[in-house]
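Listed below, chain by chain, are the residues.
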Amino acid sequence: MQFERLSPSGDISQLDGPEPVWIFKHSLTCPVSARAMAQVSTFRQRHPGVRVVLIEVQRERLAVRAVADHFEVPHASPQVILALDGTARWTASQFGISADALERSLARVRPTPSSRPA
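First, a word on what this report is: a plain description of the structure on this page.

Some remarks on unusual backbone geometry
- With omega at -5°, the peptide bond leading from Ser77 into Pro78 counts as cis.
- Position of Pro78 among the secondary structure elements: in the loop between helix 2 (61-71) and strand 4 (79-84).
- The backbone phi angle of Glu72 is positive, close to 55°, even though this residue is not glycine.
- Residues other than glycine seldom take positive phi values, yet Gln94 does so here, at roughly 50°.
- Mapped onto the fold, Gln94 is located in the loop between strand 5 (87-93) and helix 3 (99-109).

And the structure:
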C-alpha cells in the first residue's frame, strides 16, 4: 500500500487544512518503527480514504524539523501526528502506535452517528 509523500521541496503547508491528515514519521532502520509501519498499514487498509503522509526521518530531516516546529510537537520516531486545521489534534509514538489507537483518533475527528450527542 502506497503512502502519500510530501512534495520534493518538503513543503508542509499541504498538511494544513479542513480534512484530517495523519503524519507518520518512520525510521528505515528501527525495528520499533517497522512494527509501527505494520500498524499504520492496517489502519490504512481499514480506512483507505484517510490521508496518511509518510516522512522517512533519515531522508527528510528538514521536513521532520518543520513538522515538529509547525505543530509544536517534540520529534519522536516512530511518531504519528493527527493534524486538522493546522493544529495537532492527537499524537502517538513508539509502542503507542497501534491500529486501534489510530481508530480512536479517527473517531475524535469523524464521530460516527451513534457517538454524536443527541
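Focus on the packing of helix 1 (residues 31-46) against helix 3
- For the pair helix 1 and helix 3, the least separation of the axes is 8 Å and the interaxial angle reads 50°. With respect to each other, helix 1 and helix 3 are oriented oblique. Judged by the twist between their axes, the crossing of helix 1 over helix 3 is right-handed. Together, Gln39, Val40, Thr42, Phe43 and Arg46 of helix 1 and Ala99, Asp100, Leu102, Glu103 and Leu106 of helix 3 make up the contact between the two elements.
- Class assignment for the residues of the contact of helix 1 with helix 3 results in five nonpolar, two polar and three charged.

So, the pattern of salt bridges
- The final tally for this structure, using the stated rule, is eight salt bridges.
- Close ionic contact of Arg5 with Glu60 constitutes a salt bridge, the shortest N to O distance being 3.2 Å. In this pair, Arg5 sits in strand 1 (residues 4-5) while Glu60 sits in the loop between strand 3 (51-56) and helix 2, placing the two residues 55 residues apart along the sequence.

Rules and cut-offs
- Residue positions are counted from 1 within each chain, in the order its sequence is given.
- Note on the predicted model: pLDDT of at least 70 is required for a residue's local features to be given, and 80 or more for side-chain atom pairs to be given and counted; whole-chain, interface and lining totals, by contrast, use all residues.
- Heavy atoms from the whole structure form the basis of all side-chain values; hydrogens and water molecules are not counted.
- Numbering of helices and strands starts at the N terminus; helices are DSSP runs of H or I of at least 4 residues and strands are runs of E of at least 2.
- All axes here are fitted lines through C-alpha atoms, helices being fitted over the stretch that makes contact, and every angle between N-to-C directions spans 0 to 180 degrees.
- Roughly parallel means an angle under 35 degrees; roughly antiparallel, over 145; roughly perpendicular, 65 to 115; everything else is oblique.
- By convention the crossing between two helices is left-handed if the near helix lies anticlockwise of the far one by an angle smaller than a right angle, and right-handed if it lies clockwise.
- Residues are treated as being in contact if the distance between any of their heavy atoms lies within 4.5 Å.
- When residue character is reported, Ala, Val, Leu, Ile, Met, Phe, Trp, Tyr, Cys and Pro are called nonpolar, Asp, Glu, Lys and Arg charged, and the others, Gly included, polar.
- Throughout this description, the term salt bridge denotes a Lys or Arg side-chain nitrogen within 4 Å of a carboxyl oxygen of Asp or Glu.

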